[in-house]
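# Reading the structure
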Amino acid sequence: MHCVRKIADDIHWVGGSDRRIALFENIFPLTRGVSYNSYLVSDEKTVLVDTVDHAISREFIENILYVLDGRKLDYVIVNHMEPDHCSVIGELILRYPEICVVGNSKTFQMIGQFFPGLEYSRHEVKEGDTLSTGRHTFSFVMAPMVHWPEAMVTFDSTEGILFSADAFGTFGALDGTIFADEVNFDRDWLDEARRYYTNIVGKYGIQVQALLKKASALDIKMICPLHGPVWRENLGYILDKYDKWSRYEAEEKGVMIVYASMYGNTENMANVLACALAGKGVKNIRVYDISGTDVSTLISESFKYSNIVLASPTYNGAVYPLMENYLADMKALSVQNRTVAVMDNGTWAAVAGKQMANKLAEMKNMTVIEKTVSAKSAMLDSQLDDINALADEIISTMK
Ligand code: FEO
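All of the points below concern the structure found in this document.

Reading the values: the criteria
- Residues numbered from 1 in each chain as written.
- Predicted model: local features only at pLDDT ≥ 70, side-chain atom pairs only at ≥ 80, totals over all residues.
- Heavy atoms only, no water.
- Pairing = 2+ DSSP bridges.
- Helix = DSSP H or I, 4+ residues; strand = E, 2+ residues; numbered from the N terminus.
- Axes fitted to C-alpha atoms, helices over the stretch in contact; angles between N-to-C directions.
- Contact = heavy atoms within 4.5 Å.
- Core = buried A, V, L, I, M, F, W, Y, C linked by side-chain atoms within 4.5 Å.
- Buried < 20%, exposed > 50% of the residue type's maximum accessible area, 1.4 Å probe, protein only.
- Left-handed = near helix turned anticlockwise from the far one by under 90°.
- Right-handed = clockwise from strand over helix to strand, strands pointing away.
- Parallel < 35°, antiparallel > 145°, perpendicular 65-115°, else oblique.
- Nonpolar A, V, L, I, M, F, W, Y, C, P; charged D, E, K, R; others polar.

## Section: the sheet that holds strand E8 (residues 46-49)
If you trace the seven strands from one edge of the open sheet to the other, you get E1-E2-E7-E8-E9-E10-E11, paired in mixed fashion. Of all the strands in the sheet, the pair left with one neighbour each is strand E1 (5-8) and strand E11 (121-124). Taking the axes of each pair of neighbouring strands and ignoring which way they run, one obtains an average angle of 25 degrees across the sheet. Summarising the sheet, strand E7 (residues 39-42) and E8 pair through four bridges and their orientation is antiparallel. In the sheet register, Leu40 faces E8, and the bridge partner there is Leu48. The strands touched by helix H1 (residues 57-68) are strand E2 (11-13), E7 and E8; relative to E7, the strand with the most contacts, the crossing angle is about 15 degrees.

Written as structure tokens, this is what we have:
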């Protein structure tokens, strides 16, 4: 049966959620599924804004048929060509052969790549173009690299709705409550929104800033992303998060300690430092075992906190592999503007600290604290002064 929600007089959410999916993009673990949002505008002409992943195509088609109620589908606006939103386009064109696909030149290039040989009618738009469908007028705003080169967003100036593609999206299935004001977003969704943003779009802060600048010129009353809740209240909350994340500014003063530890000795260093920081008054501390934490969560937390501490044993004459992977991901996703301290451990030749510092130096605007603590197999009581001195230095950078 259909499962839709009305979001404005003549606009329905016709998307759905996939709670069976384990890995988004076959890489990011999902514990609460993900939604694929699509919106159907029943104007003089009918307009579908984006489609969904094939995983929910059956429900999606039922939703469209229900809302159309026998009408034909005139347009589908394709804001983003990643297959989690466009894999049903072929099916849609088969069902509605007269449909006109609205996209930019890169959209059509990608449709040709994903659906070789597909024939369809098209309406190519560029920055600032408008499309009137009766009561509604849509304008098109290019948003390259948010998150792919062809990405664009569509503004319905009649209702003040920004169909924002991947921007302002989040992991997590929708539980009937599709508006951000129907859930406790800060408590239940923010961490997943941050993990989504930082891992999917985090690398493209400059491009997100460019989109935010364009969006600031629009009278936006509602934001309809392709994943997660729709924003119709308190838009400043999510706009502010996006502004911070895309400027790589920490959300909170706090220390995130990430350790790798084979037998508990490097873990002990992390714990002793955490206690030293707490004893000196730092309240916002999170300690992560890299072996039990997905790197996407570490990236998300790296965007959240002002200070990072990395502790790693030396392994094969290098940094512990999972720590190496995290550092590579930090660089790939352009984590920057953080103050980082390193600690290491080595039973015969500790080199992990130096190598981690070198990798951090390759990233933008990373301040690496010179003071470090190095253990030889296990930390000694005599090194407590070093830990305290490191804690003092970290705290001094947080003022
Ligand atoms: Fe949800 Fe970039 O696709």
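## Let's talk about the nonpolar core
Side chains that are nonpolar tend, in soluble globular proteins, to be buried together. Counting residues in hydrophobic clusters, the biggest one holds 121 residues, and the most contacted among them are Leu310, Met323, Tyr326 and Met330. The leading source of residues in this core is helix H6 (residues 190-201), at six residues. Beyond its immediate sequence surroundings of up to four residues, Tyr326 is in contact with Met256, Val258, Ile290, Val295, Leu298, Ile299, Ser302, Ile308 and Leu310. In terms of nonpolar packing, the next biggest core, distinct from the first, is built from 26 residues, Ala311, Ile369, Val373 and Leu390 among them.

## Some points on the packing of helix H7 (residues 205-216) against helix H8 (residues 235-246)
Interaxial distance between H7 and H8 falls to 8 Å at its minimum, and their mutual angle equals 145 degrees. The element H7 and its partner H8 pack so that their crossing is left-handed. For the pair H7 and H8, contact is made by Gly205, Val208, Gln209 and Leu212 and by Leu239, Tyr242, Asp243 and Ser246, respectively.

## As for the pairing of E11
Relative to E11, strand E10 (residues 100-103) runs parallel, the two being bridged by four bridges. Paired with Val101 across the strands is Arg122, a residue of E11. The β-α-β motif built from E10, the intervening helix H4 (residues 105-114) and the parallel element E11 has right-handed crossover chirality.

## A few points about the packing of helix H10 (residues 295-304) against helix H11 (residues 321-332)
Where H10 meets H11, the closest approach of the two axes is 10 Å, and the angle between their N-to-C directions is 50 degrees. Comparing the axis directions of H10 and H11 gives the class oblique. As for how H10 packs across H11, the hand of that crossing is right-handed. Residues Val295, Leu298, Ile299 and Ser302 of H10 touch H11, and the partners they reach there are Asn325, Tyr326, Asp329 and Met330. Classifying every residue of the contact of H10 with H11 gives five nonpolar, two polar and one charged.

## Structural notes on the environment of His2
One can find His2 in the segment before E1. When the C-alpha positions of His2 and Ile61 are compared, they lie 8.4 Å apart, and in sequence the two are 59 residues distant. When near neighbours in sequence (up to four residues on either side) are disregarded, His2 contacts Glu62, Asn63 and Tyr66.

## A word on the sheet that holds strand E13 (residues 137-142)
Pairing in this open sheet of five strands is mixed, and the strands run E12-E13-E14-E15-E16 from one edge to the other. Among the strands making up the open sheet, the edge pair consists of strand E12 (130-132) and strand E16 (222-224). Across the sheet, the axes of successive neighbouring strands diverge by a mean angle of 20 degrees, strand direction being ignored. Strand direction decides the pairing type here: E12 and E13, joined by three bridges, are antiparallel. Paired with Ser132 across the bridge in E13 is Thr137.

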